[in-house]
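Results of the structural survey
The residues making up each chain are set out below.
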Amino acid sequence: MHEGRLAVDIETASPNGQPSDFRNTDDFELVAVGLGHRAGDDATVDVEVLLRNGDWSLDHTADLLRRVVEWCEARGAGGEGVVTYNGEYFDEHHLRAWADRVADAGVWADAPRRIDALFADHVDLGTLAAEAYPEAVRPNRDIPALWKACKEAGVDQPTVWYDDYDLPAGYLDRLGVEADHVKGAHVGEALGEAYVEGVVAELDHTRTHAELTRLLVDYAAGDIEPLFSLHDALRRADASAD
């Protein structure tokens, strides 16, 4: 059985409108989950992105949750636990809520237990980063943005540029995206919903859907390896402080 550490980072959409409360799971739907596994400190990070396979029904939420836990369990659920960034507030919080919902609906009764086991040894790097880099925390925020924490730690975080994808002229404008690179807000406000609409409409054979899928996978994968590097940097900072 594999050992080591896992990383989890979710991507969501808000098809029912702008979120009013980032803790309210009613305002979010699960689109993709970036996963990582590192068997040891010097090992290569194994990265996988799992995508939603259908509409917003609980059946497809349960399907994605099941694939996430099975991927993690196949690696021993990470003998050293799982790392997230702001996961206590967002990723773990919503995954637990979705697990409860699919169980209550009779879709997958074992979901809460399996998600509980996954997060039994959870390290939220956001909390550690706030302690290590207090100057990077904006007023009225509890933790620094991930990119700020990575900058403080000297960790490279990849940028996903829209020009690297063969999307039709005007496509991003129609989605209301005005930027040269992908941001989390773009996934939440437009890209995630467009992806799911394409899945439902069976547009997998089209170049646009294929490029949007590739973009989402690259973006979701992009934060996984930096989580391990940030965890290493924060451990070193803690050790030097002692």
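Now for a description of the structure that goes with this document. Here the structure is a predicted model, which means the values were calculated and not measured. (Residues numbered from 1 in each chain as written. Predicted model: local features only at pLDDT ≥ 70, side-chain atom pairs only at ≥ 80, totals over all residues. Heavy atoms only, no water.)

This part covers the packing of aromatic side chains. Considering all chains together, one arrives at two aromatic pairs under this definition. With 5.5 Å between their ring centres and 45° between their planes, F22 and F28 make a pair best called tilted. Residue classification places F22 among the partly exposed positions, given a relative accessible area of 44%. Its relative accessible area of 4% is what places F28 among the buried residues. For the pair F28 and F90, a centre-to-centre distance of 5.3 Å together with 90° between the ring planes defines the contact as edge-to-face. With a gap of 62 residues between them, F28 in the loop between β1 (5-13) and β2 (29-38) and F90 in the loop between β4 (82-84) and α2 (91-104) connect regions that are remote in the sequence. Take F90: its relative accessible area is 14%, and that puts it in the buried class. An aromatic cluster is present here, built from F22, F28 and F90 joined pairwise through their rings. In this structure, R23 packs its charged tip against the face of Y89, placed 5.1 Å from the ring centre. A cation sits over an aromatic face here: R75 above W71, 3.8 Å from the ring centre. (Phe/Tyr/Trp six-rings, centres within 6.5 Å; stacked < 30°, edge-to-face > 60°. Buried < 20%, exposed > 50% of the residue type's maximum accessible area, 1.4 Å probe, protein only. Helix = DSSP H or I, 4+ residues; strand = E, 2+ residues; numbered from the N terminus. Lys NZ or Arg CZ within 6 Å of the ring centre and 35° of its normal.)

Its location among the elements puts T25 in the loop between β1 and β2. Residue T25 is classed as buried on the basis of its relative accessible area of 4%. Among the polar contacts listed, one links the side chain of T25 to the side chain of H94, at a separation of 2.8 Å. With residues up to four places along the chain from it excluded, the contact list for T25 reads H93, H94, A97, W98 and R101. (Polar contact = N/O pair within 3.5 Å; in protein donor to acceptor, adjacent residues only side chain to side chain. Contact = heavy atoms within 4.5 Å.)

With that settled, consider the pattern of salt bridges. Between side chains of opposite charge, pairing is possible as soon as their charged atoms come close. Tallied over the entire structure, the rule returns 15 salt bridges. R114 is the partner of E73 in a salt bridge, and the nearest nitrogen-oxygen pair spans 2.7 Å. Taken as a pair, E73 in helix α1 (residues 58-73) and R114 in helix α3 (residues 111-118) lie far apart in primary sequence, 41 residues in all. With relative accessibility at 14%, the residue R114 sits in the buried group. (Salt bridge = Lys/Arg side-chain N within 4 Å of Asp/Glu carboxyl O.)

The subject of this paragraph is the sheet that holds β2. Ordered by their spatial adjacency, five strands build an open sheet running β3-β2-β1-β4-β5, and the pairing between neighbours is mixed. Looking at the sheet topology across the chains shown, the edges are occupied by β3 (46-51) and β5 (122-124). Sheet twist, expressed as the average angle between the axes of neighbouring strands with direction ignored, equals 25°. As judged from the six bridges shared by β2 and β3, these two strands associate in the antiparallel manner. What sits directly across from A32, in β3, is L51. Lying on the sheet, α1 is in contact with β1, β2 and β3; it crosses β2 at an angle near 5°. (Pairing = 2+ DSSP bridges. Axes fitted to C-alpha atoms, helices over the stretch in contact; angles between N-to-C directions.)

What follows deals with α3. Within α3, the full set of buried residues consists of A111, P112, R114, I115 and L118. Seen along its axis, α3 keeps its buried residues to an arc of 165°; they face one direction. Of the surrounding secondary structure, the elements contacted by the buried residues of α3 are β1, α1, β4 and α2. (Arc of directions from axis to C-beta.)

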